[in-house]
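A structural walkthrough
Below are the chains, spelled out letter by letter.
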Amino acid sequence: MKKILITGACGQIGTELTQTLRRIYGVENVVATSVRSCSNHAVEEEGIFEQLNVTDKERMMELCKKYEIDTIMNLAALLSAVGEANPQLLWDVNMNGLYNCLEVARETGAMVFTPSSIAAFGPSTPADMTPQDTIQRPTTIYGVSKVAGELLCDYYFNKYGVDTRGVRFPGLISYSALPGGGTTDYAVHIYYEALKNKKFTCNLAADTYMDMMYMPDAIDSIIQICEADPSNLIHRNAFNITAMSFCPEDIKASIKKYIPEFEMDYAIDPIKQKIANSWPNSLDDSCARAEWGWNPKYDLDKMTVDMLEKLRIKLGIE
Ligand code: SER
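Computed from a prediction, not measured in an experiment: that's the story for all the values here.

**Quick word on empty space enclosed by the protein**
By the definition in use, this model includes 1 cavity of 30 Å³ or more. In this structure, the largest cavity spans a volume of roughly 180 Å³. Taken together, 19 residues make up the lining of the largest cavity; nearest its centre are Leu 98, Thr 114, Pro 115, Lys 146 and Gly 149. For the lining of the largest cavity, the secondary structure elements donating two or more residues are helix H5 (87–108) and helix H6 (141–160).

Following this line, the structure appears as structure tokens:
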């Protein structure tokens, strides 16, 4: 990993990934790309920034050649809930974007990291301690694109030797950039509302368990899997990873430890609830731990303390 191109650099993951990679690998070795301008100006102004629509393969190739890219990190994607509102657009961006990354990598020899998700599982998957290798029959277009993406990455490795790597991310919680229309987003918005209004209306039912992770662990996982010795990788793509599993009542209890006045009520979003119900309650991430040393640092309370501290500064709340 000497010259890295990031797609979707202005998104929830891309924003923090770009800044961390610039620190570790050098500002001159990270090319942040996005279809449009960032709300976070650091991504655009503190290093190389280029406009790129991932569905435009010629432009992707031009940038990879111009900067002699050896690693493509493909973070450009629509999330699960917005995908249900526009399945055709999701397929175009998520699938053709990945296909273009793989095709460019096939021609240039670059490595490709692309995230899969807990959404790659469905209602017929074992819901508790979901194994690495199990039934994958998702019922969202986002999940369908993730399973197809996992298989396509395996195919490009087996057929063409493209060095593809990936993890299945759970819901990601962060304070820099907001998520763009997923089912797990409530676990981000709850912290903003806890600080701003001391109350939150949750759009998922009280006992909806899903896997979650704090962004610093997610960024570490990307770097670790990309730096991992390939001879140790039995699975290579789409590793189950998780840091915690909680439901809305658990995160409420965690926040109340630090903001005792915090209150939560419920107004269920039927589309998001159906999606959440189709995903696992908890993942078994033992393959990632065994094959490349996955070991997250943040549990729920440690994340809550850090989120509240960082958001207080961001929002200017005492
Ligand atoms: N966080 C994503 C979503 O909710 C899942 O990968 O859509």
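**Some words on the site of the ligand**
As a matter of local geometry, the ligand sits amid Leu 79, Ser 80, Ser 117, Tyr 142, Gly 182, Thr 183, Thr 184 and Trp 279. One of the side-chain nitrogen or oxygen atoms of Tyr 142 is found 3.1 Å away from an oxygen atom of the ligand. Contact distances for the ligand include 2.8 Å between a nitrogen atom and a side-chain N or O atom of Thr 184. Calculation on the ligand without its partners gives an accessible area of 240 Å², and the protein chains cover 93% of this total.

**A word on the pairing of strand E10 (residues 199–202)**
Residues Phe 200 and Cys 202 point to one face of E10 and are all buried, whereas Lys 199 and Thr 201, pointing to the other face, are not buried. Sheet topology note: the E10/strand E14 (residues 263–266) ladder contains 4 bridges and is parallel. Across the sheet, the residue bridging to Thr 201 is Asp 265, located in E14.

**What to know about the pattern of salt bridges**
Tallied over the entire structure, the rule returns 14 salt bridges. Note that Arg 289 and Asp 285 form a salt bridge whose closest N and O atoms lie 2.9 Å from each other. Exposure remark for Arg 289: the relative accessible area of 38% places this residue in the partly exposed category. Looking at Asp 285, the relative accessible area reads 7%, which means it is buried.

**With respect to the packing of helix H7 (residues 186–196) against helix H12 (residues 300–315)**
For the pair H7 and H12, interaxial distance at closest approach is 10 Å and the crossing angle is 60°. The orientation of H7 relative to H12 falls into the category oblique. By crossing handedness, the relation of H7 to H12 is classed as right-handed. Every residue of H12 that contacts H7 at Tyr 191, Tyr 192, Leu 195 and Lys 196 is listed here: Leu 300, Met 303, Thr 304, Met 307, Leu 308, Leu 311, Arg 312, Lys 314 and Leu 315. Across the contact of H7 with H12, the residue classes tally to 9 nonpolar, 1 polar and 3 charged.

**With respect to the packing of aromatic side chains**
Taken as a whole, this structure holds 5 aromatic pairs when the rule is applied. Geometrically, the ring pair formed by Phe 239 and Trp 292 is edge-to-face, given 5.7 Å between the ring centres and 80° between the ring planes. Taken as a pair, Phe 239 in strand E12 (residues 239–240) and Trp 292 in helix H11 (residues 286–292) lie far apart in primary sequence, 53 residues in all. Across this residue pair, the class does not change: Phe 239 and Trp 292 are buried. Look at Trp 292 and Trp 294: their rings are 6.0 Å apart centre to centre, the planes differ by 45°, and that puts the pair in the tilted class. Like Trp 292, the residue Trp 294 is buried in the burial classification. Through pairs of rings, three or more aromatic residues link up here, namely Tyr 155, Tyr 156 and Tyr 160. Of note, Arg 106 hangs over the ring of Tyr 160, and the distance from its end group to the ring centre comes to 5.1 Å.

Reading guide: rules and limits
Residues numbered from 1 in each chain as written. Predicted model: local features only at pLDDT ≥ 70, side-chain atom pairs only at ≥ 80, totals over all residues. Heavy atoms only, no water. 1 Å grid on protein atoms, 1.4 Å probe; cavity = no way out; pocket = protein on both sides within 12 Å on 5 of 7 lines; lining within 4 Å. Points joined across faces, edges and corners; volume = space filled by probe spheres on them. Helix = DSSP H or I, 4+ residues; strand = E, 2+ residues; numbered from the N terminus. Near = heavy atom within 4 Å. Polar contact = N/O pair within 3.5 Å; in protein donor to acceptor, adjacent residues only side chain to side chain. Areas by Shrake-Rupley, 256 points an atom, 1.4 Å probe, with all protein chains shown as cover. Buried < 20%, exposed > 50% of the residue type's maximum accessible area, 1.4 Å probe, protein only. Pairing = 2+ DSSP bridges. Salt bridge = Lys/Arg side-chain N within 4 Å of Asp/Glu carboxyl O. Axes fitted to C-alpha atoms, helices over the stretch in contact; angles between N-to-C directions. Parallel < 35°, antiparallel > 145°, perpendicular 65-115°, else oblique. Left-handed = near helix turned anticlockwise from the far one by under 90°. Contact = heavy atoms within 4.5 Å. Nonpolar A, V, L, I, M, F, W, Y, C, P; charged D, E, K, R; others polar. Phe/Tyr/Trp six-rings, centres within 6.5 Å; stacked < 30°, edge-to-face > 60°. Lys NZ or Arg CZ within 6 Å of the ring centre and 35° of its normal.

These figures come from the coordinates and say nothing about function on their own.
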